[in-house]
Amino acid sequence: MGIYIVLMGVQGAGKGTQAAILKEKLGLPHVSTGDLFRAMNTLDTPLAKRVQDLMEAGELIPDDVTNEMVEDRLSQDDARRGVILDGYPRNPGQAQFLDNLLAKKGESLTVVPVLELDRETAIKRAEGRRYSPDKQRVYNIYFNPPKVAGKDDVTGEELVQRDDDHREAVERRIDLYYEQTAPLIEYYENAGLVARIDADQAISEVAVDVFAAIARRLMD
Ligand code: AP5
Ligand code: MG
């Protein structure tokens with residue numbers, strides 16, 4: 001059996017931040033649908049353009065496109081021992097699709113850590129977020145600043161901001177989270193998979209709680 005983790009939580013809760021830590025410590029791929037869609041912006045196709053427009057406005061990408069992309073990613077060799085999913089599933093249709101996809105492989109979800117954070121802090125975290133140009137490192141001008149303001153710790157390059165981290169898109173994404181994604185918590189709770197984590201702690205403290213939740217499920 002592989003380890004299949006679905007990280008849930010409102011925008012800015014730290015899914016990407018925690019997934020990067022889990023990836024390093026567990027050696028499992030970090031599958032972020034947001035990152036996969038952002039990687040499409042180098043393509044000059046009608047689909048890539050549509051995806052970019054939807055993302056910039058904070059809207060969701062249609063389920064058929066998203067599910068197909070995830071199926072493709074999970075069929076790759078490095079995903080055989082499991083994956084850390086971040087930003088997927090985001091609505092009941094996607095959750096059902098994922099359950100079926102894993103069942104076809106004879107697998108099932110291991111645990112769903114839910115990173116809990118209040119709306120105001122979530123907005124501030126998203127607005128203050130900055131990335132290294134290669135997107136390998138994420139900082140926050142308020143909460144997790146680089147050593148030198150505006151510069152990547154490793155390369156010294158100028159940090160960049162995501163196109164959808166402006167107030168309007170952040171608010172829209174958070175509204176959509178409460179409307180469409182938060183109801184999944186109950187769905188996973190009924191399956192005994194949810195571990196609620198206080199995301200308003202230092203990054204390392206959140207990580208300890210996430211690891212404990214995974215360990216508990218593996219010992220069940
Ligand atoms: P996606 O990339 O998934 O973005 P999101 O849902 O808006 O979530 P975020 O990346 O904002 O939050 P995060 O929890 O990862 O926060 P992070 O760790 O960076 O999706 C983007 C778009 O793609 C969507 O809007 C949609 O268009 C499309 N899409 C993606 N998936 C889809 C799907 N399944 N279906 C349809 N469409 C889809 O942390 C945030 C900040 O806080 C950082 O600056 C970080 O340094 C800081 N921080 C993190 N943890 C802490 C801490 N403990 N203390 C202090 N600061 C912290
Ligand atoms: Mg993220």
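Computed from a predicted model, the values in this text were never measured in an experiment.

Draft legend 1. Spatial organisation of the overall build of the protein chain. When helices and strands are counted, the protein chain shows nine helices and seven strands. C-alpha extents for the protein chain along the principal axes are approximately 45 × 40 × 35 Å. Nonlocal contacts in the protein chain, meaning residues at least 24 apart in sequence, comprise 71% of its contacts between residues at least 6 apart. Total accessible area computed for the protein chain in this model is approximately 11,200 Å², and 50% of it derives from carbon and sulfur atoms. Side chains of the protein chain give 28 positive and 39 negative charges; the mean places of these two sets differ by 3 Å.

Draft legend 2. Focus on the site of ligand 1. Lining the immediate surroundings of ligand 1 are 35 residues, of which Thr17, Glu59, Arg90, Arg129 and Tyr139 lie closest. A distance of 2.9 Å separates an oxygen atom of ligand 1 from a polar backbone atom of Gly12. The set of elements that each furnish at least two residues to the shell around ligand 1 consists of α1 (15-26), α2 (33-39) and β6 (138-140). Of all the elements, α2 adds the most residues to the shell around ligand 1, at four residues.

Draft legend 3. Structural context of the sheet that holds strand β3 (residues 82-86). Across the sheet, five strands lie side by side as β2-β3-β1-β4-β7; this open sheet has parallel pairing. Only two strands of the sheet have a single partner each, and these edge strands are β2 (30-32) and β7 (194-198). If you compare each strand with its neighbour and ignore which way they point, the axes differ by 25 degrees on average. Bridging between strand β1 (residues 3-9) and strand β4 (residues 112-116) involves two bridges; their strand directions are parallel. Along β4, the bridge assignment pairs Met8 with Val114. Where helix α8 (residues 183-190) meets the sheet, its contacts fall on β1, β4 and β7, and the angle it forms with β7 comes to roughly 130 degrees.

Draft legend 4. The arrangement of the packing of α1 against helix α9 (residues 203-219) in detail. It is the contact of α1 with α9, at a shortest axis distance of 10 Å, that shows an interaxial angle of 60 degrees. Relative to α9, the element α1 lies oblique. Judged by the sense of rotation from one axis to the other, the crossing of α1 with α9 is right-handed. Between α1 and α9, the contacting residues are Thr17, Gln18, Ile21, Leu22, Lys25 and Leu26 on the first element and Ile203, Val206, Ala207, Val210, Phe211 and Ile214 on the second.

Draft legend 5. Fine view of the side chain of Ser32. Turning to its location among the elements, Ser32 is positioned in strand β2. The class for Ser32 is buried, based on a relative accessible area of 5%. With near-sequence residues (within four places) excluded, Ser32 lies in contact with Arg38 and Asp86.

Draft legend 6. A look at the packing of helix α5 (residues 92-104) against α8. Two numbers describe how α5 lies on α8: the axes approach to 10 Å, and their chain directions differ by 35 degrees. Where α5 abuts α8, its residues Pro92, Ala95, Gln96, Leu98 and Asp99 lie against Leu184, Tyr187 and Tyr188. Classifying every residue of the contact of α5 with α8 gives six nonpolar, one polar and one charged.

Draft legend 7. Local environment of the nonpolar core. Counting 45 residues, the largest nonpolar core has Met8, Leu74, Leu85, Leu98, Leu109, Val112 and Tyr188 as the members making the most contacts within it. Excluding its chain neighbours within four sequence positions, the residues that come into contact with Met8 are Lys15, Val112, Pro113, Val114, Leu115, Tyr177, Thr181, Leu184, Ile185 and Tyr188. If you look at the next biggest cluster of nonpolar residues, it comprises eight residues, including Ala48, Ile61, Val65 and Met69.

Draft legend 8. Region of the structure containing the pairing of β7. Alternating residues of β7 divide into Ala195 and Ile197, all buried, and Val194, Arg196 and Asp198, none buried. Inspection of the sheet shows β4 paired to β7 by five bridges, in the parallel sense. Bridge pairing in β7 links Pro113 to Ala195.

Draft legend 9. Region of interest: the side chain of Asp165. You can see Asp165 is positioned in the loop between β6 and α7 (167-181). Within the structure, the side chain of Asp165 is placed 3.2 Å from the side chain of Arg173, a separation counted as a polar contact. When sequence neighbours within four positions are dropped, the list of residues in contact with Asp165 reads Ala126, Glu127, Arg129, Val170 and Arg173.

Conventions we followed
Each chain carries its own residue numbering, running from 1 in the written order of its sequence. For this description, chains carry letters from A and ligands carry numbers from 1, given in the order in which they are written. Confidence filtering applies because this is a predicted model: local features only for residues at pLDDT of at least 70, side-chain atom pairs given and counted only at 80 or more, and all residues used for totals across whole chains, interfaces and linings. Only hydrogens and water are removed before side-chain values are computed, so all heavy atoms of the structure are retained for them. For the purposes of this entry, the term helix denotes a DSSP run of H or I that reaches at least four residues, the term strand denotes a run of E that reaches at least two, and both are numbered from the N terminus. Note on contacts: a residue pair qualifies if any of its non-hydrogen atoms lie within 4.5 Å across the two residues. Note on areas: these come from Shrake-Rupley sampling with a 1.4 Å probe, and a residue is covered only by the protein chains present in the view. The charge count treats Lys and Arg as positive and Asp and Glu as negative. His and the chain ends do not count. Charge positions are represented by NZ for Lys, CZ for Arg, CG for Asp and CD for Glu. Residues are labelled near a given molecule or strand when at least one of their non-hydrogen atoms is within 4 Å of it. As used in this structure description, the phrase polar contact means that two N or O atoms lie within 3.5 Å; if the pair is within protein, one of them must be able to donate a hydrogen and the other to accept it, and residues adjacent in sequence are counted only when both atoms belong to side chains. Here, any two strands with at least 2 DSSP bridges between them count as paired. Each axis is a line fitted through C-alpha atoms, taken for helices only over the stretch in contact, and angles between the N-to-C directions span 0 to 180 degrees. Geometric relationships in this document are graded by angle, where less than 35 degrees denotes roughly parallel, more than 145 denotes roughly antiparallel, 65 to 115 denotes roughly perpendicular, and other angles denote oblique. Each crossing gets its handedness from the near helix: less than a right angle anticlockwise from the far helix is left-handed, clockwise is right-handed. Relative accessible area decides the class of each residue, using a 1.4 Å probe on protein chains only: under 20% of the type maximum gives buried, over 50% gives exposed, and in between gives partly exposed. Residues are grouped as follows: nonpolar covers Ala, Val, Leu, Ile, Met, Phe, Trp, Tyr, Cys and Pro; charged covers Asp, Glu, Lys and Arg; every other residue, Gly included, is treated as polar. Within this scheme, the nonpolar core is defined by two criteria: the residues are buried Ala, Val, Leu, Ile, Met, Phe, Trp, Tyr or Cys, and they are joined through side-chain atoms within 4.5 Å.

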